[in-house]
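Results of the structural survey
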Amino acid sequence: MLPKKITDSELSIVLIFSAVVLTMPIWLAPIGAGYPDLLQKFAIFGLFAIGYNILFGMTGYLSFGHAAFLGVGSYAAVWSFKLLTMNVLPAVVFGVLFSGLFAFLIGYVSLRRSGIYFSILTLAFAQMSYNLAYSVLTPITNGETGLQLTNHDPRIIDTMLLDQAPEGLPSTVLFGVKMSGYPGFYFCALILILGFFIALRISRSPFGLVLKGIKSNQTRMKFTGFNTRPYMITAFVISGMYAGLAGSLMAVTDPLAGAERMQWTASGEVVLMTILGGVGTLIGPVLGAGLIKYFENIFSAFNDKALHELFAFLPDGLENFVVTVVSPFVGEGWHLTLGVLFMIIIIFLPGGIIQGMEKINNRFFKRSSSAKSGSNES
Amino acid sequence: MDAIFLQILNGLDKGGAYALIALGLTLAFGTLGIVNFAHGALFMLGAFCAVSIQALLTLSKKVKDESITFFDAYKEQPYLEIWWGDIGTTIIDYAVPISILAAIPLMLLIGLSMERGLIRFFYKRTHAEQILVTFGLAIVIQELIKANFGANPIPTPAPDIVSGSAKIGSALGLSDAIVYPWWRLIYLSFSVVVLAAVFAFLQFTTFGMVVRAGMHDRDMVNLMGIDVERKFTIVFGLAAVVAGLAGVMYAPILPPDYHIGMDFLVLSFVVVVVGGMGSLGGAVAAGFLLGILQSFASMNEVKSIFPGIDQIIIYLVAVIILLVRPRGLMGRKGVMED
């Protein structure tokens, strides 16, 4: 289904993207984001959003249950660490496989319906998984505590290869390289680039065109003789696998998994990332994920004292007033900012940042917008 | 037999809450065509209305505690008690019923301003965008409440006189073992009364007739020179009041915290889908039905056969209904069936 030859334009897009991603530690350092923990989050949530965009952006199906796949990916990865080996490759493979399988099951049922019913079905399934992970599935998920590594895990392959048991809890490795700090980031970044490349190929393939056709008019697609259902299921499974990949990478950088990752507010977050960046565009979701994680990091760190320092140049009365107004939005209240941002974007800029940039572009440089490919037409 | 009767009762009061919220959801969908994810937030606002009224009534100042004579001890005494003595104590005791009076105008105002301020700009947008913007609004309301009231549940007790349990078992000639908290019985009857009032309003008044006509064929009613949009806005306000009242009355049953709205929203949406989008009777019937089903599923006998069934029964029913009969139990043919 995929066209065999990689065109020059695709190659250059991927090269530029890789260059930007791999140099992130350098150019993000001046704005205080150049440390590995945050960079890992950028890459992981970028992947999650890219995958989500394959479903929501290309086909227009609004899923409210993608956090469930993220959770399944995490659990599968941690189990691979516990049972087999601390090497990250099997963990990632298992995470993707299991979430793909899970996505197939859920997608097979949910895709019988479209529109708001699809959203509610996916929401129902995600809540079901979340509730089960908290209650009955405790032997697998370890309930509220979350699944963690312990000292007496079997780790069959590791014990076969190494004779002596390492002291303390082992850390995740890729053939001897510890997956924390910068190596962990570069691992996530490479997978992000791979994921971006695949998404790029998908969006330009005949398969991607079918998905876009489904978004603009599913009925007409059916009239022209397409059986849209297999295409939809494939798209759903692919995007579920991306979510599982992101989930397993979370476990790679920090080997534990909890049920709260599957809650539906977590699904809401990825929707927001995708929309903030630009639905249906390739780079938009990555941009949105990065922005949200960056601002989450900055805003949650603020407290009243920091605010007073920030607004110290104002006269005292005014300073106190500004701090009182701003303080609910930072620190613990970061979600409030997120909610407000969410509403503003949907009300004024449903196409996200990419659409905003195009608008500015058209306004000031008088270029025709139709020449741009991959942009959202709404 | 006793156990079954008790489970039905147990399910009915939760079902009452589902029905009240779902009724508002389906009203908003049937009239304005809006999928409102912020409806759970209205329920929560109602519950916090009770919390604030209680806090307002118990505003206190420090006074010397006369009962301790060895040293100077101080205690908080509400102003109302200081001013009016026992009458003040009684008023504080009745905080929740009093909040109902306050909640009606307040929720109406909130509902109307929500509709005029935000929802009306989304009539013509896609359902996905409606879901997303109201989801954002729900987060905002929820976080504002969290910022003001903290993250912990706040107990709001019912009046003392109804704090005990009713011996319905002996009253109905069944086993004496069947006892049931008074407040839950009150909640059940309250929800039935509110539901009946809403239905009567829609069925027997001219206003209700216009609304029903508008739900059926909006353009036609418009052509007859009636400003349907205005009527629908009022209906939205009404839906907000119903959700708010459900919240006020639920506060003694479950101490409200900031995410109570979201918890109820997801379930109420499922209720609406099971009942049929836009069908009022369906929402009510499905609300009570799912409430009862849920309480049966949480019986130990059932749980030992299907572990965890109590957590997922509602979603499971919704999945089955959507696949077998997408328009819901009582949905109109052709409404959102694909």
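Numbering of residues starts from 1 in each chain and follows the order in which that chain's sequence is written. As a convention, the first chain written is A and the first ligand written is 1, with the rest following in written order. Local features in this predicted model are restricted to residues of pLDDT 70 or higher, and side-chain atom pairs are both shown and tallied only at a pLDDT of 80 or more, whereas totals for entire chains, interfaces and linings draw on every residue. Excluded from the side-chain calculations are hydrogens and water; all other atoms, namely the structure's heavy atoms, are used.

**Some details on the packing of aromatic side chains**
For any pair of aromatic rings, the description consists of the separation of the ring centres together with the inter-plane angle of the planes. A pair of aromatic rings is counted whenever rings of Phe, Tyr or Trp (Trp by its six-membered ring) have centres within 6.5 Å, and the orientation is called stacked for planes under 30 degrees apart, edge-to-face for over 60 and tilted otherwise. The full count for this structure, using the stated rule, is 25 aromatic pairs over all chains. Centre to centre, the rings of A:F64 and B:F37 are 5.6 Å apart; their planes meet at 25 degrees, and the pair counts as stacked. With A:F64 in the loop between α3 (36-59) and α4 (66-83) and B:F37 in the loop between α1 (2-32) and α2 (39-57), the pair connects residues from two separate chains. The classification of residues rests on relative accessible area computed with a 1.4 Å probe and restricted to protein chains. Under 20% of the type maximum is buried, over 50% is exposed, and intermediate values are partly exposed. Residue A:F64 is classed as buried on the basis of its relative accessible area of 1%. The rings of A:Y61, A:F69, A:F102, A:F118 and A:F236 are connected pair by pair, giving a single aromatic cluster. Only Lys NZ and Arg CZ are tested; either one counts as a charge over a ring when it is within 6 Å of the ring centre and within 35 degrees of the ring normal. It is A:K82 that lies over the ring of A:W79; its NZ or CZ is 5.6 Å from the centre. If you follow B:R218 out to its NZ or CZ, it ends over the ring of B:Y123, 5.7 Å from the centre. Only DSSP runs of H or I covering at least 4 residues are called helices, and only runs of E covering at least 2 are called strands; the numbering of each starts at the N terminus.

**Some thoughts on the interface of chain A and chain B**
Any two residues whose heavy atoms approach within 4.5 Å at even a single point are treated as in contact. In this assembly, 35 residues from chain A lie in contact with 38 residues from chain B. Both sides together, the interface formed by chain A and chain B hides about 3500 Å², and carbon and sulfur atoms give 81% of it. The largest contributions to the chain A side of the interface with chain B come from A:I116, A:Y117 and A:W264, which together make up 20% of the buried area. We count a salt bridge whenever a side-chain nitrogen from Lys or Arg sits within 4 Å of a carboxyl oxygen from Asp or Glu. Seen at the junction of chain A and chain B, the total is zero salt bridges. Polar contacts here mean pairs of N or O atoms no more than 3.5 Å apart (in protein, one a potential hydrogen donor and the other a potential acceptor; neighbouring residues in sequence count only if both atoms are side-chain atoms). Remark: the boundary between chain A and chain B carries one residue pair in polar contact (both at pLDDT 80 or more). Within the residue set of the side of chain A that touches chain B, elements represented by two or more residues are α6 (115-134), α12 (264-277) and α16 (334-348) of chain A. Element by element, the count of residues in the side of chain A that touches chain B is highest for α6(A), at twelve residues. Grouping the constituent residues of the side of chain A that touches chain B by class yields 24 nonpolar, eight polar and three charged. By convention, the term buried area covers the 1.4 Å-probe accessible surface removed from two parts as they join, with the contributions of both added. Asp, Glu, Lys and Arg are counted as charged, while Ala, Val, Leu, Ile, Met, Phe, Trp, Tyr, Cys and Pro are counted as nonpolar; the rest, among them Gly, fall into the polar class.

**Here's the deal with the nonpolar core**
Core analysis: the biggest nonpolar cluster contains 214 residues, and A:F64, A:W264, B:F37 and B:L132 have the highest contact counts within it. In contact with B:F37, not counting residues within four places along its chain, are A:F64, A:L123, A:W264, B:I131, B:T134, B:F135, B:A138, B:L265 and B:F269. Counting residues in each nonpolar core, the second largest holds six residues, with A:L307, A:L314, A:V323 and A:V330 among its members. Joining through side-chain atoms within 4.5 Å is the link that ties buried Ala, Val, Leu, Ile, Met, Phe, Trp, Tyr and Cys residues into a set, and such a set is a nonpolar core.

**Structural notes on the confidence of the model for chain A**
Counting all residues, the mean pLDDT for chain A is 82, and 93% of those residues have values of 70 or more. For every residue, the predictor states its confidence as a pLDDT score lying anywhere from 0 to 100. Below pLDDT 50 for its whole length, residues 369-378 of chain A participates in twelve contacts with residues either more than four positions away or in separate chains.

**Thoughts on the pattern of salt bridges**
Residues and elements named next belong to chain B. For the coordinates displayed, the defined rule picks out seven salt bridges over all chains. A salt bridge links R116 to E115; the shortest N-O distance between them is 3.0 Å. R116 gets classed as partly exposed once you look at its relative accessible area, which sits at 32%. With relative accessibility at 0%, the residue E115 sits in the buried group. With a shortest N-O distance of 3.2 Å, R116 and E229 are connected by a salt bridge.

**A word on α1(B)**
Residues and elements named next belong to chain B. Taking 1.5 Å of rise per residue, 31 residues should cover 45 Å, and α1 covers 44 Å from first to last C-alpha, within 8% of that figure. Note on bend: the value at a residue is the angle between axes fitted to the seven residues ending there and to the seven starting there. Of all the bends in α1, the greatest measures close to 25 degrees and is centred on K14. Burial analysis of α1 places 22 of its 31 residues in the buried class, the great majority of the element. Two residues or fewer after α1 comes G33, characterised by a positive phi angle close to 70 degrees. Every helix has an expected span of 1.5 Å times one less than the residues it contains.

**Some remarks on the side chain of A:H66**
All names here are of chain A. Counting through the fold element by element, H66 comes out in helix α4. By relative accessible area, which is 0% here, H66 ends up buried. At a separation of 2.6 Å, a polar atom in the side chain of H66 contacts the side chain of S239.

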